[in-house]
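Chain and residue survey
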Amino acid sequence: MDSLLTLAADPAAWAALITLVVMEVVLGIDNLVFISILSNKLPAHQQTKARRLGIGLALIMRLALLSTIAFIVGLTAPVFELPWKGPIGEDGHAMFELAFSWRDLILIAGGMFLVWKATTEVHHTMDPTPSPNILDKDGVVAAGVTMNFSAAIVQILLLDIVFSIDSILTAVGMTDDLPIMVIAVVIAVAVMLLAADPLAKFIDDNPTVVMLALGFLLMIGATLIADGFGVHVPKGYIYAAMAFSGLVEGLNMASRSAQRRKAEAGHPAAEKSE
């Protein structure tokens, strides 16, 4: 209790908390977009349940990882190294690393899974004769809703693991105070929970946004793979690209809305002239 009071009276602790909350919310956006797209594939009565369960699992995963910080930090220690060298860059260092830690392997596996999943979703969206539900084998819905729901939760859980490790390593790198980490993670997950349903509805109501979000997931997956090979892409570049793409899509949506209102306003006049 005394340590908590000491932290509460420390301006540096508040600054660290605010910064970490912002970082955790930003990192959580990727996780939330994936959960929203995947949950929208389920029957309407199960979508909210899947989103809440997925976000709840993300919270449990993050808190569990926080309780084993020493182990998480150890995930960055190399476990094996390939006997080759990457190309040498202008700075005299290899352009990518071939010494892999458990964190690297998890990021690579998660990135490959994300690329595969986003590619599958793009194919499903572009297919002129898509199956009724992408989670059903051979397009057979009769396999049962339970299998569909279970498949969605398993896939959400797999990505929760990847994003949780990335999130906790970020937290460990920003502060040494466990209470600050826990508070930041809880606040970030609470924001995700509040934003889950509105974001999922927005994605479902705007089909073009789905394709844009899948493009984001492809980019994030490729970034995770690159990060696993030691090629660190500044997150600012990624989120700036996402923000710019979102702005352009927002302008397109506003343009389509204006055209639709203009057409609706002109339709009665046309009928009257007839």
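Note that the structure is predicted; figures quoted are calculated from it, not measured.

1. A closer look at the side chain of Ser-39
Residue placement: Ser-39 occurs in helix 2 (residues 11-39). In terms of polar contacts, Ser-39 uses its side chain to reach the backbone carbonyl oxygen of Ser-36, at 3.1 Å. Apart from the residues lying within four places of it in its own chain, the contact partners of Ser-39 are Gln-47, Ala-50 and Arg-51.

2. Observations regarding the pattern of salt bridges
Evaluated as defined, the whole model comprises two salt bridges. Here Arg-51 and Asp-197 are joined by a salt bridge, their closest N and O atoms 2.9 Å apart. With Arg-51 in helix 3 (residues 44-66) and Asp-197 in helix 7 (residues 178-205), this residue pair connects regions lying 146 residues apart in the sequence. With a relative accessible area of 6%, Arg-51 lands in the buried category.

3. Here we look at empty space enclosed by the protein
With the rule as written, the count across this model stands at two cavities of 30 Å³ or more. Forming the walls of the largest cavity are ten residues, and the residues nearest its centre are Asp-30, Asp-166, Ile-220, Lys-235 and Tyr-239. Among the secondary structure elements, those contributing two or more residues to the lining of the largest cavity are helix 2, helix 6 (145-174), helix 8 (207-228) and helix 9 (235-273). In terms of residue class, the lining of the largest cavity is built from six nonpolar, one polar and three charged. What the second largest cavity holds in volume is close to 30 Å³. Where the lining of the second largest cavity is concerned, the elements lending two or more residues are helix 2, helix 5 (102-126) and helix 8.

4. Overview of the environment of Leu-158
For Leu-158, the position within the fold is in helix 6. When the C-alpha positions of Leu-158 and Ala-109 are compared, they lie 9.9 Å apart, and in sequence the two are 49 residues distant.

5. Topic: the packing of helix 5 against helix 8
Between helix 5 and helix 8, whose axes approach to 7 Å, the crossing angle comes to 155°. Here helix 5 lies roughly antiparallel to helix 8, going by the angle between them. Between helix 5 and helix 8 the crossing geometry is left-handed. Of the residues in the contact of helix 5 with helix 8, the class split is 16 nonpolar, six polar and four charged.

6. So, the confidence of the model for the chain
Across the chain, the average pLDDT comes to 74, with 76% of residues at 70 or higher. Mean pLDDT across the elements of the chain ranges from a minimum in helix 1 (residues 2-8), with 57, to a maximum in helix 3, with 85. Taken together, the stretch residues 132-147 has pLDDT below 50 and engages in 20 contacts with residues farther than four places along the chain or on a different chain.

7. A short note on the side chain of Asp-104
Among the structural elements, Asp-104 can be located in helix 5. Its relative accessible area of 10% is what places Asp-104 among the buried residues. Leaving out residues up to four positions away in the same chain, Asp-104 has contacts with Ala-99, Asp-227 and Gly-228.

8. Notes on the nonpolar core
Counting residues in each nonpolar core, the largest one holds 47 residues, and the members touching the most others are Phe-34, Ile-37, Ile-55, Leu-114 and Leu-217. Residue assignment for this core shows that the elements contributing at least two residues are helix 2, helix 3, helix 5, helix 6, helix 7 and helix 8. Per-element accounting of this core gives the leading share, eleven residues, to helix 6. Apart from the residues lying within four places of it in its own chain, the contact partners of Phe-34 are Phe-113, Leu-114, Lys-117, Gln-155, Ile-156, Leu-159 and Leu-217.

9. Regarding the packing of helix 3 against helix 7
Where helix 3 contacts helix 7, the two axes come as close as 10 Å, and the packing angle between them is 170°. Relative to helix 7, the element helix 3 is oriented roughly antiparallel. Contacts from Thr-48, Arg-51, Arg-52, Ile-55, Leu-59, Arg-62, Leu-63 and Leu-66 in helix 3 reach Leu-178, Met-181, Val-182, Val-185, Val-186, Val-189, Met-192, Leu-193, Ala-196, Asp-197 and Ala-200 in helix 7. Each residue belonging to the contact of helix 3 with helix 7 can be placed in one class, and the counts come to 14 nonpolar, one polar and four charged.

10. Points about the environment of Leu-66
Structurally, Leu-66 is set in helix 3. With relative accessibility at 3%, the residue Leu-66 sits in the buried group. Between the alpha carbons of Leu-66 and Ile-165 there is a distance of 9.5 Å; along the sequence they are 99 residues apart. Other than its neighbours up to four places away in sequence, Leu-66 contacts Ile-168, Leu-178, Met-181, Val-182 and Val-185.

Rules of the game
- Residues numbered from 1 in each chain as written.
- Predicted model: local features only at pLDDT ≥ 70, side-chain atom pairs only at ≥ 80, totals over all residues.
- Heavy atoms only, no water.
- Helix = DSSP H or I, 4+ residues; strand = E, 2+ residues; numbered from the N terminus.
- Polar contact = N/O pair within 3.5 Å; in protein donor to acceptor, adjacent residues only side chain to side chain.
- Contact = heavy atoms within 4.5 Å.
- Salt bridge = Lys/Arg side-chain N within 4 Å of Asp/Glu carboxyl O.
- Buried < 20%, exposed > 50% of the residue type's maximum accessible area, 1.4 Å probe, protein only.
- 1 Å grid on protein atoms, 1.4 Å probe; cavity = no way out; pocket = protein on both sides within 12 Å on 5 of 7 lines; lining within 4 Å.
- Points joined across faces, edges and corners; volume = space filled by probe spheres on them.
- Nonpolar A, V, L, I, M, F, W, Y, C, P; charged D, E, K, R; others polar.
- Axes fitted to C-alpha atoms, helices over the stretch in contact; angles between N-to-C directions.
- Parallel < 35°, antiparallel > 145°, perpendicular 65-115°, else oblique.
- Left-handed = near helix turned anticlockwise from the far one by under 90°.
- pLDDT = per-residue confidence, 0-100.
- Core = buried A, V, L, I, M, F, W, Y, C linked by side-chain atoms within 4.5 Å.

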